[in-house]
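An overview of the molecular structure
Okay, here's what each chain looks like letter by letter:
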Amino acid sequence: MIQQRTTSESKRLTQKIGFSLLGMVAALTVLPIIAVVSYMIQQGAPAITGEFITGFPSDGMRSGGILPAILGTLYLTLGTAVFSVPLGIGAAIYLAEYAPENRWTRAIRIAITNLAGIPSVVYGLFGLGIFVLFLKLGTSILAASLTLSIMTLPVIISTSEEALRAVPNSFRVVSTSLGATRWQTIKRIILPQSLPGILTGIILGLERAAGETAPILFTGAAFFLPRLPGSPMDATMALPYHLFVISTQVPGMPIKIQYGTALVLLFFVLIMNIIASVIRSRARAKRMW
Amino acid sequence: MNIIEVEHFSLSYSDGTEGLRDITMGIPANQITVMLGPAGGGKSTLMRAINRLNDLADVISMNGRITVDGLDVNDPKTNLVELRRKVGMVFARPVPLPLSIRQNITYGLEVAGVTDKTILAEVVEKTLRDAVLWDEVYDRLNDPGVALSGGQQQRLCIARTLALDPKVILLDEPTSGLDPISTAKIEDSLQMLKQRYTIVLAPHSVQQASRTADFAAFFLQGELIETADGKDLFTRPKDKRTQDYVEGRFG
């Protein structure tokens with residue numbers, strides 16, 4: 001009896017130690033993000049003023065604002081969404097709801113997985129070859145958006161497909177038994193139920209697009225522009241490229257401008273992340289299965 | 001009068017398993033036909049062959065003929081959407097669609113293009129009354145279907161099937177997950193419904209089968225062993241295997 005109790009007590013102790021260790025490891029993973037964010041804020045916050053957000057760069061970008069870069073990144077993100085969202089969701093619906101399991105669809109899946117693994121600078125080069133030169137779009141928002149779209153597609157397709165597949169199959173059977181066609185089932189039941197997962201995938205994909213430098217380097221990003229882009233055929237400044245430029249290409253750059261720019265980019269991405277998690281948690285609370 | 005005729009019907013799945021072997025039987029209109037037998041006997045497969053729900057499964061080959069109300073269900077020209085409106089189905093596990101109680105019932109009509117609000121409202125009330133659920137839900141029709149208890153969900157599923165005013169209702173062990181009171185409610189409503197509909201029931205026990213059957217068929221490992229009117233299958237089975245099963249020696 002006594003023997004037993006000590007065993008169970010020592011087991012409980014082991015368990016406690018185990019849990020504390022795991023908790024510490026988990027806390028450790030939070031540390032880098034806190035470190036990055038607080039360092040950025042400490043270094044960059046002094047640069048953040050109204051003029052910095054709404055003004056144009058001046059004095060060889062050593063002072064003034066970064067409005068063209070902020071708007072440029074916004075344009076590029078929206079442009080990417082225009083191409084990658086309908087294509088991505090459409091492909092995901094096909095793969096999850098219509099495609100039979102055969103060699104052809106397996107090939108498509110392998111292609112998508114591999115597409116996700118291609119380094120972003122390779123996308124940049126591809127975009128230069130196809131969109132800028134072959135299709136003669138020039139270095140433009142359009143060419144850069146298309147390049148970013150191709151890079152974003154695999155993320156959107158695979159997360160959307162996963163979200164569609166997560167909807168219980170019994171809904172499809174029931175809906176069919178009630179005389180719904182496959183498309184009616186998708187439109188009325190499957191898509192609404194998987195929309196939060198799809199939106200999360202879209203935002204995560206676009207967020208990556210917003211932060212990339214390499215794919216826009218040769219396809220649409222401008223070193224410096226004295227005015228805002230007037231059409232999708234114009235080149236544009238963008239936050240990640242601007243950051244690269246002012247960090248490596250401009251001598252005598254005040255450090256707070258660099259970190260201020262980084263902070264704005266971080267904020268941009270963080271906002272998208274927050275929107276994604278709000279959508280997710282609200283959907284989870286409302287889910288009917 | 002048989003509303004459904006099954007003639008030399010065989011079916012096999014793509015993994016090589018044989019679902020049904022040379023089934024021939026008629027299903028009489030406005031009666032409760034009970035399909036009984038142990039799991040894997042082919043009852044579900046035959047039901048899902050009647051409304052072509054097997055299209056969603058990996059069926060590799062079908063032979064023979066099934067007609068519903070004169071309509072050959074496997075004819076490539078057959079409109080499957082119409083067939084499924086004619087042949088409603090209630091499943092073992094109640095699955096309310098992720099919609100409100102009201103929308104669960106109107107779903108079938110809405111996908112069929114019915115938009116008239118008064119018609120839809122009438123159908124909601126009528127079918128919920130027929131499924132003996134109205135009194136329990138009339139004041140919360142906008143609540144999600146999943147908020148109901150298991151027994152209520154199953155009656156909602158029956159009401160939703162009735163909304164399409166089908167000719168035939170297939171019920172695949174509709175009470176297997178339910179308590180005795182919910183089960184009795186559903187059996188009662190089936191007795192009323194057979195006035196207007198043809199009912200095909202895979203019961204979840206031999207007792208339920210003998211309580212409800214007007215006509216009974218015994219399935220074993222994809223074969224139809226025997227059929228009989230009324231309670232004959234339970235009192236005077238012709239085949240030794242049927243007798244062993246209804247007396248509880250296996251299954």
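For the structure, see preceding data.
The following paragraphs examine the structure supplied in this document. Just so it is clear, the model here is predicted, and its values are computed rather than measured.

1. Re the interface of chain A and chain B
Each side of the interface is counted separately: chain A has 20 residues, and chain B has 22 residues. Where chain A touches chain B, the interface holds one salt bridge. With its nearest N and O atoms 3.5 Å apart, the salt bridge here joins Arg188 of chain A to Glu110 of chain B. Here chain A and chain B share three residue pairs in polar contact (both at pLDDT 80 or more) between them. Elements that contribute at least two residues to the side of chain A that touches chain B include exactly α7 (169–177) and α8 (182–211) of chain A. Classifying every residue of the side of chain A that touches chain B by side-chain character gives eight nonpolar, nine polar and three charged.

2. Focus on the packing of α7 of chain A against α8 of chain A
Residues and elements named next belong to chain A. Across the interface, α7 lies against α8 with an axial gap of 10 Å and an inter-helix angle of 135°. The orientation of α7 with respect to α8, classified from their angle, is oblique. Here α7 runs over α8; the crossing is right-handed. Facing Phe171, Arg172, Ser175 and Thr176 of α7, the residues of α8 in contact are Thr185, Ile189 and Ile190. In terms of residue class, the contact of α7 with α8 is made up of three nonpolar, three polar and one charged.

3. Regarding the nonpolar core
In this structure, Ile4, Met25, Leu36, Leu46, Ile66, Leu128 and Phe234 of chain B are the most contacted members of the largest nonpolar core, which totals 106 residues. Dropping the residues within four chain positions of it, Ile66 of chain B is found in contact with Ile4, Glu5, Val6, Phe9, Leu46, Ala49, Ile50, Leu71, Asp72 and Val73 of chain B. In terms of nonpolar packing, the next biggest core, distinct from the first, is built from 28 residues, Ile70, Leu225, Ala238 and Leu239 of chain A among them.

Quick notes on the rules
Residues numbered from 1 in each chain as written. Chains lettered and ligands numbered in written order. Predicted model: local features only at pLDDT ≥ 70, side-chain atom pairs only at ≥ 80, totals over all residues. Heavy atoms only, no water. Contact = heavy atoms within 4.5 Å. Salt bridge = Lys/Arg side-chain N within 4 Å of Asp/Glu carboxyl O. Polar contact = N/O pair within 3.5 Å; in protein donor to acceptor, adjacent residues only side chain to side chain. Helix = DSSP H or I, 4+ residues; strand = E, 2+ residues; numbered from the N terminus. Nonpolar A, V, L, I, M, F, W, Y, C, P; charged D, E, K, R; others polar. Axes fitted to C-alpha atoms, helices over the stretch in contact; angles between N-to-C directions. Parallel < 35°, antiparallel > 145°, perpendicular 65-115°, else oblique. Left-handed = near helix turned anticlockwise from the far one by under 90°. Core = buried A, V, L, I, M, F, W, Y, C linked by side-chain atoms within 4.5 Å. Buried < 20%, exposed > 50% of the residue type's maximum accessible area, 1.4 Å probe, protein only.

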